[in-house]
Amino acid sequence: MEPSIYQYPDVFRRAHLESPGEIPAEVIFLQQVWQRHRKSPARRILDIACGDSPHGRLLAGDGFEVVGIDRSPTMIAAGRRKANPHLHFYRRSIERFTLPERAFDAAIFMSETFPVIVENAGLLSHLKSVGRALKRGGLYCIDIDRQDPIARVPNRTMWRERTARAGGVALDIREFHRPIAWHSPLHSIYELECTINFPAGAVTTRDLIPVRYTTPATLELAALASGMFKMVAAYCDLSFTKPLDKCRYRWLGVLRRV
């Protein structure tokens, strides 16, 4: 069985096309969202599906208290090696979790990962878990790729090939689309194959990533169905003024705990 890209914390973000400076810009925008939509300052933040929590490290450096959760022991270990006293980690499932922590002012789910929660039951239990972790009036900010319509494919089909570098290591990346049933709630099944050309020898990883069809309207419906949240805003491309129909890359849903 081939390894997963998520076993290599210093590689996976570049394989997923994360740009230099992207995370600092996101952290600045998140703080602006909290100032705009909260009556009191946000100080305690829950970082969900955090990986090694680059957002959390920046927030902790600004004086926030941050707790990160992730299902991957490799990512949690990498985060703990880089953590500071204001950033703590727990290994948890994202679909259903509890924490031995007092309530948070805000939660974040970044890196466009939220649509990997594909089942209705998992989505609702996730929102209820987050809601229980937040104070009433707390904000939940969810970062999601713009999802354009894609052609349904009858067979595994190459989408694109590209190269990248991570820490001086060359990456050869191949991306595929896979067939999905017409009645599935998925937007796509994304297959990522990455050859990491380490000096000691190449390693090829493979990951299948199901992506749920998620738009502002479907997120608003899920928030209401959970009984925990109301959607209060949707912003695109880290802008407070750009209309949603002009969105180029991704959007941020902002839910308020009711």
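Going by the structure above, here's the rest.
Bear in mind that the values here come from a model prediction, so they are computed numbers and not experimental data. (Residues numbered from 1 in each chain as written. Predicted model: local features only at pLDDT ≥ 70, side-chain atom pairs only at ≥ 80, totals over all residues. Heavy atoms only, no water.)

Trainee: What exactly am I supposed to notice about unusual backbone geometry here?
Mentor: Excluding glycine, most residues fall at negative phi; most peptide bonds, likewise, are trans. At Asp237, a position not held by glycine, the phi torsion is positive, near 55 degrees. Checked against the element boundaries, Asp237 lands in the loop between strand S10 (229-236) and strand S11 (250-257). Residue classification places Asp237 among the buried residues on the basis of a relative accessible area of 16%. Although it is not a glycine, Leu238 adopts a positive phi angle of roughly 55 degrees. Looking at where Leu238 falls in the secondary structure, it is placed in the loop between S10 and S11. When its relative accessible area of 32% is taken as the criterion, Leu238 is described as partly exposed. (Helix = DSSP H or I, 4+ residues; strand = E, 2+ residues; numbered from the N terminus. Buried < 20%, exposed > 50% of the residue type's maximum accessible area, 1.4 Å probe, protein only.)

Trainee: Help me understand helix H2 (residues 22-37), please; the structure alone is not making it clear to me.
Mentor: Working note: α-helix, 3.6 residues per turn, so residues spaced by three or four point in the same direction. Here H2 contains 16 residues, and its C-alpha end-to-end distance of 23 Å stays within 8% of the 22 Å for a straight helix at 1.5 Å per residue. The set of residues buried in H2 consists of Glu22, Ile23, Glu26, Val27, Phe29, Leu30, Gln31, Val33, Trp34 and His37. (Expected span 1.5 Å × (residues − 1).)

Trainee: It is not clear to me how the sheet that holds strand S8 (residues 186-198) should be interpreted in this structure. Could you clarify?
Mentor: In sheet architecture, strand pairing relies on hydrogen bonds along the backbone and comes in two forms, parallel and antiparallel. The sheet built from four strands is open, its strands ordered S6-S7-S8-S9 with antiparallel pairing. Both edges of this open sheet fall to strand S6 (157-166) and strand S9 (201-212), since each of them pairs with a single strand only. Averaged over all adjacent pairs, the angle separating strand axes in this sheet is 20 degrees, with direction ignored. Where S6 meets strand S7 (residues 169-177), nine bridges bridge the pair, whose relative direction is antiparallel. The partner of Arg162 across the bridge, within S7, is Ile173. (Pairing = 2+ DSSP bridges. Axes fitted to C-alpha atoms, helices over the stretch in contact; angles between N-to-C directions.)

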